[in-house]
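Chain and residue survey
One letter stands for each residue in the lines below.
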Amino acid sequence: MRRSLAAVIVVLRKELSDALRDRRTLATVVVSSVLMGPLVLLAISGLVASLESRAEQREVYVAGLVNAPTLRNFLERQTYVVKEAPADFEARLRRSTFSDPVVVVPADFEAALVRGDSPVVEIVSDSANQRSEASTSRIERLLGGFSRERALLSLALRGVSAQLLEPMQIEDRDLASTQTRATRITGMLPYFVMMAVLYGALNAALDTTAGERERGSLEPLLMNPAERWALVAGKWGAVACVSMLIAVLSCLSFLPGQWVLRSDTLAAMFQYGPREAALFIVILLPLAAALAAVLMAVAIRCRTFKEAQASSTVVVLAVSLLPLVNVFDLGGEAPWHLWAPALAQNTLMTRVLKGEALGAEQIVIPLVVCVALTALGVWYVARELQRAAVK
Amino acid sequence: MIEIRGVAKSFAAPAPPRRVAWARTRGETRLAAGAAVDAAAAHPDAGAIANARANAKAGAGAGANARANAGATDGRRLRLHAVRDVSLDAPDGRITGLLGPNGAGKTTTLRMLAALIAPDAGTLRVDGIDVAARPREVLARTGFLSDSRGLYPRLTARENIVYYGALHGMEREAADARAQDLARMFDMTALLDRRAAGFSQGERMKTALARALVHDPANIVLDEPTNGLDVLATRALRDSLRWLRTPEGGSKCIVFSTHIMQEVERLCDSVVVVARGRTVATGTVGDLLATTGESDFEEAFVKLAFGPERALGHDERLHRTEPDDGNEQRVDPRRDSGGAR
């Protein structure tokens, strides 16, 4: 037994240093998986910041400004800067070179208003142009305010109470906490972290199984007196270590990502401190171990690295698609989610981001699933190893 | 000391792809399909695979031939007898050559010796230890250079060698010192701290050999070690093996498989000729020459391995038939040309 444990450590050390020497692959994984999350976070924050600054700018573009002094007066009283729209605004909106919706005022606006003919004012935007679409509702509310003011004035002149226009009042009450609201934007973070774990394990797992077969080094390896399970356990340990390393790196990468958030609102909403990072790591480590074993089990049947890559697509797809159950919110959170690997981790990490507490059950069920998957994978690889070596 | 007594091993042969199931009658179709179902069944002897494929294809394509081979099927499964009856005695301090044509069953026999595959019949013993009963002990006292000798390209030659030493339970320092000694023996000291990725065939071979000998085993089993080596490297290897045979070198028991007669003539104290999965002759080179009444060892070998009718004077026939593969179910290609479509 002690010899076998020693063999596990020998294999583990060798496979780890082997995997860590594969600099190019590691660099690719680090850049594509670990840096991806923070970069996306940065991009989102940039977008939110630009929306915020647009909202703060309080500008409105009007075509035919001279036709509507009353409207202009109203808008300026709302502390908006009123600007004449460029002549070719339609074309520019289509090309997305102009990002604000334009209010088009007809020539006889003032006269029609006085006659009570309710002139038609257009808000021109392009729904394919997302940035212009974002401010459309704001402009709508603004023009609605103008209409209401005119109506109230008319009623007041006739001695009618303004209350009649509003027989009931509507008030919004949002139950979501700041953090919960933020998960609408930060909800994709767990997904990125999980992809990092998957791709971290993928190469090492394939290299220690199918890669070993392809190089022709598996047969000589089995001519050593070490127990088969010890060889497999060492290999699995190394793959799991690499994957866990990537998991930890990826979880930590969001900590500095937070400092560079350009939107103050988002920074306030996105609560990701050392506590959240630690919880993420705790949630992800069992998944890293299980993915390592499953990928090895898939790859041991393949003669070449390339063949193994094709076969492992199934695992990659499963891990990428299962969390989408959460993203699309298909039927809300169901108890079975905790039993599905990847989906469970996604659910738990989303909870952490929402600032919700994790119960014992939520930690234990995914852990049990991951341990079972790991054991199954390692057992299968050990069983297949000898057959694979001589095939 | 290595003893092999009457080992046999058969595999389920891979079958042809499904499309050959376009046979005319129902019976033929069923047989071809049955063979195809077994296509996934794998087996380890590459040389034999090709032959089995040729077999199965011929069997499926020509219904008559397939039925003629019915005795060779085990249920619906085609059996391929890679090794039928191989025996070998290799004493300490001697180099024993395992000589046979491609696909004769040499690699399969050596893999059974390494406990990689279990024999169907027969026993294998190393220093009196039964391979089937105590495989780890056998592996611990034997150095195998197998048919596939892949190195880890991102590790240096030294790391490759020390890794195997550690797997044999050696201390890192001891393994390292041993790697140094072996490097001197195989003239590869300059290679030791280079990564294996850029090694030439000969450099890879030397590293693999050093790796197999790192634990200083009493028994050395080499599967076609001169494959891909140039003249100088082959000579160096021969010198090393000769030295290992001497009492100073440790009086090792060396088994050396090859299909090259010159190797055997130059190096081996005794020869075991294997053909079609059977041991067909045993003795020194001189013995074998005397038995066959030939003066040329190549002629003697061809006579022993393929039968007297294929020796000199029957060249034409030798060219027209495929090399023998130790598989008696082989269908003569000339017969199925009419049946295949």
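Owing to the predicted nature of the structure, the values given are computational and were not obtained by experimental measurement. (Residues numbered from 1 in each chain as written. Chains lettered and ligands numbered in written order. Predicted model: local features only at pLDDT ≥ 70, side-chain atom pairs only at ≥ 80, totals over all residues.)

1. With respect to the overall build of chain A
To keep it simple, the criterion reads: For helices the rule is a DSSP run of H or I covering at least 4 residues; for strands it is a run of E covering at least 2, with both sets numbered from the N terminus onward. Restricting the calculation to C-alpha atoms gives the radius of gyration, and the globule rule supplies 2.2 Å times the number of residues raised to the power 0.38. Buried means a residue has 20 or more other C-beta atoms within 10 Å of its own C-beta, exposed means 12 or fewer, and partly exposed covers the counts in between; C-beta atoms are placed from the backbone. For every residue pair, C-beta atoms are placed from the backbone, and the pair is scored as a contact if these atoms sit within 7 Å.
The helix and strand tally for chain A stands at 18 helices and 4 strands. A compact globule built from 391 residues would reach a C-alpha radius of gyration of about 21 Å, whereas chain A, at 30 Å, exceeds it by more than 25%. Based on the C-alpha atoms only, the size of chain A along its principal axes is roughly 100 × 45 × 35 Å. Buried residues in chain A amount to 39% of all 391 residues. Expressed as a percentage of contacts within chain A between residues at least 6 apart in sequence, the contacts between residues at least 24 apart total 76%.

2. Side note on the nonpolar core
Residue and element names in this part refer to chain A. Put simply, the test is: Defined on buried residues, the nonpolar core groups Ala, Val, Leu, Ile, Met, Phe, Trp, Tyr and Cys residues joined through C-beta atoms within 7 Å.
Membership of the largest hydrophobic core comes to 168 residues, with the highest contact counts inside it found for Val-197, Ala-201, Ala-288, Ala-292, Leu-295 and Met-296. Once residues within four sequence positions are removed from consideration, Ala-201 is found in contact with Val-239, Val-242, Ser-243, Ala-288, Leu-291, Ala-292 and Leu-295. Core analysis: the next-biggest nonpolar cluster, separate from the first, contains 12 residues, Leu-71, Ala-85, Val-105 and Phe-109 among them.

3. A look at the domain arrangement of chain A
Defined as follows: Segment limits for the domains were obtained from an automatic or database-derived domain assignment.
Split by domain assignment, chain A resolves into domain 1 (2–44 + 180–390) and domain 2 (56–171). Distance from the C-alpha centre of domain 1 of chain A to the C-alpha centre of domain 2 of chain A: 53 Å.

4. With respect to helix α18 (residues 360–390) of chain A
Note the threshold: What a helix should span is 1.5 Å times the count of its residues minus one. What the bend at a residue measures is the angle between two axes, fitted to the seven residues ending there and to the seven starting there.
Between its first and last C-alpha atoms α18(A) spans 46 Å; for 31 residues at 1.5 Å apiece the expected length is 45 Å, and the two agree. Of all the bends in α18(A), the largest measures some 40° and sits at Glu384(A). Residues of α18(A) that are buried include every one of Pro366(A), Cys370(A), Leu373(A), Thr374(A), Gly377(A), Val378(A), Val381(A), Ala382(A), Leu385(A), Ala388(A), Ala389(A) and Val390(A), and no others. Packed against the buried residues of α18(A) are α9 (189–215), α10 (218–222), α11 (228–252), α14 (274–299) and α17 (343–354) of chain A together with α4 (106–113) of chain B.

5. Remarks on the confidence of the model for chain B
All names here are of chain B. Using the following cut-off: The quantity known as pLDDT measures the predictor's confidence residue by residue, on a range of 0 to 100.
Summary statistics for chain B give a mean pLDDT of 78 and a share of 72% for residues scoring 70 or more. Counting interchain partners and residues more than four positions distant, the pLDDT-below-50 stretch residues 313–341 has 53 contacts. This prediction of the complex comes with two scores: 0.77 for pTM and 0.76 for ipTM.

6. A look at the interface of chain B and chain A
By a frequent convention, interface size equals the accessible area lost on bringing the separate parts together. This is how it is decided: Any residue outside Ala, Val, Leu, Ile, Met, Phe, Trp, Tyr, Cys, Pro, Asp, Glu, Lys and Arg is labelled polar, Gly included; the first ten of those are nonpolar and the last four are charged.
Of the residues lining the interface, 24 residues belong to chain B; the matching set on chain A comes to 22 residues. Counting residues per element, the ones that place at least two in the side of chain B that touches chain A are α5 (135–140) and α6 (157–167) of chain B. Class assignment for the residues of the side of chain B that touches chain A results in 15 nonpolar, 5 polar and 4 charged.

7. Details of unusual backbone geometry
Residue and element names in this part refer to chain A. In this model, Ser-118 sits at a positive phi of 40°, which is unusual for a non-glycine residue. With respect to the element layout, Ser-118 can be found in the loop between α6 (109–115) and β4 (122–124). Take Ser-118: there are 10 C-beta atoms within 10 Å of it, and that puts it in the exposed class. Even without being a glycine, Ala-342 presents a positive backbone phi close to 75°. With respect to the secondary-structure elements, Ala-342 resides in the loop between α16 (324–327) and α17.

8. Re the pairing of strand β5 (residues 121–126) of chain B
Both faces of the sheet carry side chains from a regular strand, because those side chains alternate between them. All names here are of chain B. Definition in use: When DSSP finds two or more bridges between a pair of strands, those strands are recorded as paired.
Summarising the sheet, strand β1 (residues 2–12) and β5 pair through 5 bridges and their orientation is antiparallel. Opposite Ile-2, over in β5, you have Val-126 as the bridge partner. The pairing of β5 with strand β6 (residues 129–130) spans 2 bridges and is antiparallel. Paired with Val-126 across the two strands is Ile-129, which belongs to β6. Where β5 folds back onto β6 in an antiparallel hairpin, the turn is made up of 2 residues, including Asp-127, whose phi is positive at roughly 50°.

9. Overview of the packing of α17(A) against α18(A)
Residue and element names in this part refer to chain A. Put simply, the test is: All axes here are fitted lines through C-alpha atoms, helices being fitted over the stretch that makes contact, and every angle between N-to-C directions spans 0 to 180 degrees. Roughly parallel here means an angle under 35 degrees, roughly antiparallel means over 145, roughly perpendicular means 65 to 115, and every remaining angle is called oblique. Crossing handedness is read from the near helix: turned anticlockwise from the far helix by less than a right angle, it gives a left-handed crossing, and turned clockwise, a right-handed one.
Contact geometry of α17 with α18 gives a least axis separation of 10 Å together with a crossing angle of 155°. Taken together, α17 and α18 sit at an angle that is classed as roughly antiparallel. For α17 against α18, the interelement crossing comes out left-handed. Here Ala-344, Gln-345 and Leu-348 of α17 lie close against α18, whose contacting residues are Gln-362, Ile-365, Pro-366 and Val-369. Its residues assigned to classes, the contact of α17 with α18 shows 5 nonpolar, 2 polar and no charged.

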